[in-house]
Each structure stands twice: as C-alpha cells, then as structure tokens.
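For reference, the chains in residue letters:
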Amino acid sequence: MSGPERGAGAGTSALLTIDDLVVEYSGRRVLDGVTLSVREGEILGVIGETGSGKTTLARAVAGLAPVHSGRVTLGGTELTGLRGRALRSWRRTGALQYVFQDPLRALDPQHTVATIVGEGLAVAGVDPAGVAARVAAALARVGLDEGLAGRRPGQISGGQRQRVLLARALAVGPRLLLCDEPVSALDASSRNHVLRLLAGLRDSGVTLVVISHDLSSLAGIADRVAVLYGGRLVEHGPIGEVLTTPHHPYTALLAASAPSLRRERPIPAAALRGEGPGLPGGCSYAARCPFATESCAIVPSLSTVDDGRAVACHHAKTWRDERILTP
Ligand code: SF4
C-alpha cells in the first residue's frame, strides 16, 4: 500500500483490551476465552471462516452479544461492568461505533443521508446547527458529496451506502471503530475506495478493528491480525509476518488462499488440504488438522513464539517439517 508508513500513528499503549472473553448462546459456547489487545491508532484485522466467532467477538465488544465471562476494557473503562444508566451514559459518548455488515439493512430506507449521519449527534444533544456542520464534515471525510445529503439509501450506490455508515460512525468522534465485513458486498472499485478510506482513518488517529473473511483485503490495510477458528484465537501478530510465515496450520491454509502474498517458506502440501484424519481433540482445529496427534486432545494455550507473535498449537515449531504427519 502506498502512502504513509502503515501504522505510523499507532501507539504502544492498548486502547482496547479483551480478556478471556466467553460468549454463549443457549448454552452453546461460540467464543471461547479470547484474549487480545488493540493499540491506539492501529488497524487490527480479525480473520476466520463463517462460524469462527469473528463477528461474535466484535458484537461482544460492542455489547451486542451475551458475554458469559471475561472483560472488555476501552480506554480504561470496563465495558463489561457497565449496566443501566452508566451503560446508557457511556454509549452516548460515541467512543465505540459498530459499522454493520449490510448497509442496506443497517440504514433506515425512509431517512435521508443527512438524518442518518446526524442521528447519533442528535441523541447526544448537539444543537441543529452543530449537527449540520458535523454531518457535512463527516460526509467530506468519507469522500461523499454534500449533495447526497438529501437522498435516501435506496437512491445511492452500495459503495456510497457503506461510506454513509462510516460517516454516521465518524460523526460522533469515536475512539474505536468496529467494522464488520466492510467491503464484502462491494464491487472491486468500491472495495478499493473503502479500504483506502479505512487506512486513511487509521492514519488520522482512529483505531479500527476490521472483521473480514477476505485475507487479501486485510493484508492491504491491517497492522496486525488475529486468526479465529472454532471460537478460539489460534494466532495473532503483525500481519505481514503472520501471513508470510504462519505458525498455525489453519493460518497457513488461509494464507494459501491469497496467492499474491509473498511467503518466506513454502507451505507443506498437507496443510493446504485443510483436512486430516478427524481426530477428536481439545484443539479447535483438530478435526481438520493433518498434523494432529494425541497431544492435541489437550487444548493448546496461546503462547508467544516471537516478538509480538503468539500461536495456539502444540506443534507450532514442527508441523512445517511434516515429520509428525499422521498416516
Ligand atoms: S494443536 Fe494439534 S490439532 Fe491443533 S493445530 Fe496444532 S497440530 Fe493441529
């Protein structure tokens, strides 16, 4: 990606910390003990296939999923501890904004773009003149002509709708944006535009968590990446290093699906099949992993392997050699 050095504005202190987060729906655990942090001014990409728990993670951080246990802290405020009036009061600050996956469903078709972008400001008690000024500024920030302000969602393109969602989130001055599959419904031209926009927001100091199943999109903008499988965090670290030298077999499978990525070592063919003998195990990937052994019946904990990198795999250092490949 051209432009400023990626993550140049990122600080070393964590804006968001997620500590041993567990989410259950009707007793079914869909997020299992995820621990992560997001530094101020960076983009953390969260990747995984459908059912991996990536959207659940974002929704739990935003207070939209039932947290069974664990903690979420943003800028020193423990969000998982807020209830009632304290929670409503914190939400009115607009510090955390969730950008939903489907703009057409997320936007009220009866409202104009100006009303949609300004609704959070009105709730926060900003006067009408202030709302108008900040709506105009938010539209400009996402590259939308102010002339669109009077149109309704059905009268603008998909790419414009996605940018309206971003403008609505930005209008209230958030510290953290949670973007759920922000480009999955867009054509190639609109996708690139929105990705450049997200990178530009990061470079202007906004912190972002971007959920995606599309590794190529994340690779172009994210500073670090968290890989989820089966509701568990299986690897995280700087995105360039994770994708070029994956330490987890599932990350290797994902990285192989983005052929444009440069790799320092070839990925063993067995990892690319993404299927194994079906060993039942404690590791969330055991049923598909060609490198699973009896030891994988114990859930692997997330361990630091290099500076800034961590992986949950008993055979993180040896599976590439295929010496342990199960017959
Ligand atoms: S812990 Fe075992 S089953 Fe899980 S990814 Fe590593 S080798 Fe495969």
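In what follows, the structure referred to is the one given above.
Each value, and the rule that gives it
Residues numbered from 1 in each chain as written. Predicted model: local features only at pLDDT ≥ 70, side-chain atom pairs only at ≥ 80, totals over all residues. Heavy atoms only, no water. Helix = DSSP H or I, 4+ residues; strand = E, 2+ residues; numbered from the N terminus. Buried < 20%, exposed > 50% of the residue type's maximum accessible area, 1.4 Å probe, protein only. Areas by Shrake-Rupley, 256 points an atom, 1.4 Å probe, with all protein chains shown as cover. Expected span 1.5 Å × (residues − 1). Salt bridge = Lys/Arg side-chain N within 4 Å of Asp/Glu carboxyl O. Pairing = 2+ DSSP bridges. Axes fitted to C-alpha atoms, helices over the stretch in contact; angles between N-to-C directions. Contact = heavy atoms within 4.5 Å. Parallel < 35°, antiparallel > 145°, perpendicular 65-115°, else oblique. Left-handed = near helix turned anticlockwise from the far one by under 90°. Nonpolar A, V, L, I, M, F, W, Y, C, P; charged D, E, K, R; others polar. Near = heavy atom within 4 Å. 1 Å grid on protein atoms, 1.4 Å probe; cavity = no way out; pocket = protein on both sides within 12 Å on 5 of 7 lines; lining within 4 Å. Sits in = over half its atoms within 2 Å of the grid points. Points joined across faces, edges and corners; volume = space filled by probe spheres on them.

(A) A look at the overall build of the protein. Scanning the protein from N- to C-terminus turns up 11 helices and 12 strands. Burial statistics for the protein: of 327 residues in total, 49% are counted as buried. Accessible surface, the protein: about 14700 Å² in total, of which carbon and sulfur atoms supply 50%.

(B) Just helix 6 (residues 158-171), in detail. Taking 1.5 Å as the rise per residue, helix 6 with 14 residues should run 20 Å; its terminal C-alpha atoms sit 20 Å apart, in good agreement. For helix 6, the buried fraction is high: 13 of the 14 residues fall into the buried class. Trailing helix 6 by a residue or two, Gly173 shows a phi angle of about 70°, which is positive.

(C) Up close: the pattern of salt bridges. Applying the stated criterion to the full structure yields 11 salt bridges. Arg288 serves as the salt-bridge partner of Glu49, at 2.7 Å between the closest nitrogen and oxygen. Placement of the pair is Glu49 in the loop between strand 3 (43-47) and helix 1 (54-61) and Arg288 in the loop between helix 11 (269-273) and strand 11 (303-306), with a sequence separation of 239 residues. Using a relative accessible area of 29% as the deciding quantity, one classes Glu49 as partly exposed. Residue Arg288 is classed as partly exposed on the basis of its relative accessible area, which comes to 23%. It is possible to trace a salt-bridge network through shared partners that takes in Glu24, Arg29, Asp32 and Arg232.

(D) Here's a closer look at the sheet that holds strand 7 (residues 176-180). As summarised here, the arrangement of the eight strands in space is 6-7-8-3-9-10-12-11, forming an open sheet in which the pairing is mixed. The open sheet is flanked by strand 6 (96-99) and strand 11, the only strands paired with a single partner. Looking at each pair of strands side by side, their axes are set apart by 20° on average, direction ignored. Relative to strand 9 (residues 224-229), strand 3 runs parallel, the two sharing four bridges. Residue pairing across strands places Gly45 opposite Val225, the latter belonging to strand 9. In the packing of helix 7 (residues 188-203) onto the sheet, the strands contacted are strand 3, strand 7 and strand 8 (207-212), and the crossing angle to strand 8 comes to about 150°.

(E) Region of the structure containing the packing of helix 4 (residues 113-123) against helix 5 (residues 128-141). Where helix 4 contacts helix 5, the two axes come as close as 9 Å, and the packing angle between them is 120°. With respect to helix 5, the axis of helix 4 lies oblique. Crossing of helix 4 against helix 5: the hand is right-handed. Together, Val113, Ala114, Val117, Gly118, Leu121 and Ala122 of helix 4 and Val131, Arg134, Val135, Ala138 and Leu139 of helix 5 make up the contact between the two elements. Classifying every residue of the contact of helix 4 with helix 5 by side-chain character gives nine nonpolar, one polar and one charged.

(F) How the structure looks around the site of the ligand. Taken together, 13 residues lie around the ligand, and Cys283, Cys289, Cys296, Cys313 and His314 are the ones closest in. Placement of the ligand is best described as lying within the largest cavity.

(G) Focus on empty space enclosed by the protein. On inspection of all chains with the given rule, the structure shows three cavities of 30 Å³ or more. Quantified by volume, the largest cavity comes out at close to 90 Å³. Lining the largest cavity are 15 residues, and of these Cys283, Cys289, Cys296, Cys313 and His314 sit closest to its centre. Here the lining of the largest cavity is composed, by residue class, of 12 nonpolar, three polar and no charged. Along its surface, the second largest cavity is lined by Leu16, Ile18, Leu36, Val38, Leu44, Val46, Leu57, Ala58, Val61, Leu178, Val209 and Ile211. Of all elements in the fold, only strand 1 (14-25), strand 2 (28-39), strand 3, helix 1 and strand 8 reach the threshold of two or more residues within the lining of the second largest cavity. Counting residues per element, the lining of the second largest cavity draws most heavily on helix 1, at three residues. For the lining of the second largest cavity, the class distribution of residues is 12 nonpolar, no polar and no charged.

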